[in-house]
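Architecture and fold: a report
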Amino acid sequence: MAILLNNNGGDNQPWADALASHLPAMKVHIYPDINDVAAIEYAVVWHHPLGDLNNYPNLKAILVLGAGMDHIDQEQSLPDVPIVRLVDPTVGDEMSQYVLYWVMHFQRGYERYRTQQSEQHWQRHMAPFSRDYRVSVLGAGLIGRFVSERLVANGFRVQSWSRSQKEIAKVESFSGEQGMQDMLCATDVLVNCLPLNNATKHLLNNSTLSMLPEGANLISLSRGAIIDDQALINLLDSGHIANAALDTFSLEPLAKESSYWGRDNVFITPHMSGGTYPQYASEVIADNIKRVERGEQPYPIYTPSA
Ligand code: GLV
C-alpha cells in the first residue's frame, strides 16, 4: 500500500513525515520518485502534472492538498475514484480571521489614524455600529460559510450570496442574478470567497462592482481571476470602491508591473489568508484514507465541472 505525494511548489518532506506518522502501514513516495505505479493507492496532490493521475491502475482516491479545485477542473480525464477536497478547520479559521481583520480595519477606518499619527493630529471619528455594518459574502461553500459564521459571531450584519439558495444561521441569504444585484447595492464590504470556474471568471467586473454603493470596500481571498483587474483599478481610482484587500491574483506571484502595488487604497497579501499546515492537515487527509480503507465515503467529495 502506497501514497503518491506531490505538494507541487511546496516542501514535500514535512507532508511525507506527517502522513507516515498517521498511516504507518503505508509507504509515501514523493513524485516523481515512483518505482511501482501499481503500488500507488492514494494520490495526495497539489497542482499535479495534468494527465498523470491516470497512470496509477490501483488508485482508490485522489486527495487534494487544498480547497481550490480549479487545477483539477483543468484535467481532461480523471480515474473513476473519489476526489476529495481538503477541508481543514485550521484553514477555515485562519481565512475567516483574515476577513474579520480587514472588515474591522475598514469599519473603524484605522488607516485614517495612521495618517493622523504621522501629522501628530488627535481626532476621534465615529464608526458605524457592527450590527449596521453590512458585510456581503460571495460564496456559501465551505470557506464562505466559515467566514460568514465568524462575522456573525462578531456582531456584523452578514449577507451571503450563492448560486443556489443556502441557509446559514443569522445570515440573510441571496441567490441568482437578481439576488446578487439586491445584495451588492446594500453592501459596505464585499468578500469574495467564490470558487473559480467558467461562471465566476471576471464575475466581479465593472457592471457588478459598480452596483456597490459609493465608498464600499472589497476583500478577495479565493481566486484573483474572479476579478476583472482593470475594472477594479478604475473603480478604485474614481473612489467608487474605497479600499481593496487582495490576497489572491490572476497571476501569482503578482507581477512587479501590476498597478495594484503602488496604491494606498489596496492592501496586498501574498496568498496567505489561510495556511495549510502539514501537522494539522495531514490528520484530515489520513482520516479520509482510513475511511476509504474501511469502505466508507471520504469527505467532502468533489465532482469536477463538466
Ligand atoms: C489555496 O488557495 C487552496 O485552494 O487551498
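Residues numbered from 1 in each chain as written. Predicted model: local features only at pLDDT ≥ 70, side-chain atom pairs only at ≥ 80, totals over all residues.

1. Quick notes on the overall build of the protein chain
In terms of regular secondary structure, the protein chain is built from 8 helices and 12 strands. Over its C-alpha trace the protein chain gives a radius of gyration of 21 Å, about what one expects of a compact globule, namely 19 Å for 306 residues. Its C-alpha atoms give the protein chain principal-axis dimensions of about 65 × 40 × 35 Å. The buried share among the 306 residues of the protein chain stands at 37%. (Helix = DSSP H or I, 4+ residues; strand = E, 2+ residues; numbered from the N terminus. Rg over C-alpha atoms; globule rule 2.2 N^0.38 Å. Buried ≥ 20, exposed ≤ 12 C-beta atoms within 10 Å, placed from the backbone.)

2. Observations concerning the packing of helix H1 (residues 13-22) against helix H8 (residues 278-293)
The interhelical angle for the contact between H1 and H8, taken along N-to-C directions, is 50°, at an axis separation of 9 Å. Comparing their axes, H8 and H1 come out oblique. In the crossing of H1 with H8, the sense of the turn from one axis to the other is right-handed. Packed against H1, whose contacting residues are Pro-14, Trp-15, Ala-18, Leu-19 and His-22, the element H8 presents Pro-278, Gln-279, Ser-282, Glu-283, Ile-285 and Ala-286 at the interface. Residues belonging to the contact of H1 with H8 are distributed by class as follows: 7 nonpolar, 3 polar and 1 charged. (Axes fitted to C-alpha atoms, helices over the stretch in contact; angles between N-to-C directions. Parallel < 35°, antiparallel > 145°, perpendicular 65-115°, else oblique. Left-handed = near helix turned anticlockwise from the far one by under 90°. Contact = placed C-beta atoms within 7 Å. Nonpolar A, V, L, I, M, F, W, Y, C, P; charged D, E, K, R; others polar.)

3. Points about the pairing of strand S7 (residues 157-162)
With 6 of 6 residues buried, S7 lies mostly within the body of the structure. In this structure, strand S6 (residues 134-138) lies alongside S7, joined through 5 bridges in parallel fashion. Directly across from Leu-138, in S7, lies its bridge partner Trp-161. Viewed along the sheet, the connection from S6 through helix H4 (residues 142-153) into S7 turns out right-handed. (Pairing = 2+ DSSP bridges. Right-handed = clockwise from strand over helix to strand, strands pointing away.)

4. Digging into the domain arrangement of the protein chain
Segmentation of the protein chain into domains returns domain 1 (2-88 + 276-293) and domain 2 (89-268). Relative to domain 2, the C-alpha centre of domain 1 lies at a distance of 32 Å. Taken together, the residues of the side of domain 1 that touches domain 2 sort by class into 5 nonpolar, 2 polar and 3 charged. (Domains from an automatic or database assignment.)

5. Remarks on the sheet that holds strand S12 (residues 266-268)
Strand order in the open sheet formed by 7 strands is S8-S7-S6-S9-S10-S11-S12, and the pairing between neighbours is parallel. Edge positions in the sheet fall to strand S8 (172-175) and S12, since each of these pairs with one other strand and no more. Each strand of the sheet is rotated relative to its neighbour by a mean of 15°, with strand direction disregarded. In this structure, strand S9 (residues 189-192) lies alongside strand S10 (residues 216-220), joined through 4 bridges in parallel fashion. The residue of S10 that forms the bridge with Asn-192 is Ser-220. Each of S6, S7, S8 and S9 touches helix H5 (residues 176-184); the most contacted strand, S8, lies at about 135° to it. The sheet strands contacting helix H7 (residues 229-238) are strand S11 (241-246) and S12, and the helix crosses S11 at an angle near 135°.

6. Points about the environment of Arg-223
Here Arg-223 lies in the loop between S10 and H7. Along the sequence, Arg-223 and Pro-195 sit 28 residues apart, while their C-alpha atoms lie 6.8 Å from each other. Once you skip the residues sitting within four places of it in the chain, Arg-223 turns out to touch Gly-68, Asp-70, Leu-196 and Thr-248.

7. Re H1
Buried within H1 are the following residues: Trp-15, Ala-16, Ala-18 and Leu-19. Those residues of H1 hidden inside the fold are in contact with strand S1 (2-7), strand S2 (27-30), strand S3 (40-46) and H8.

8. Here we look at the sheet that holds S1
Reading across the sheet, the 5 strands line up as S2-S1-S3-S4-S5 and stay open at both edges, with parallel pairing between neighbours. Two strands close off the open sheet at either side, each with one partner strand: S2 and strand S5 (83-84). Relative to S2, S1 is paired through 4 bridges, and the arrangement is parallel. Among the inter-strand pairings, Leu-4 is bridged to a residue of S2, identified as His-29. Strand contacts of H1: S1, S2 and S3, with the helix running at about 150° to S1, the strand carrying the most contacts.

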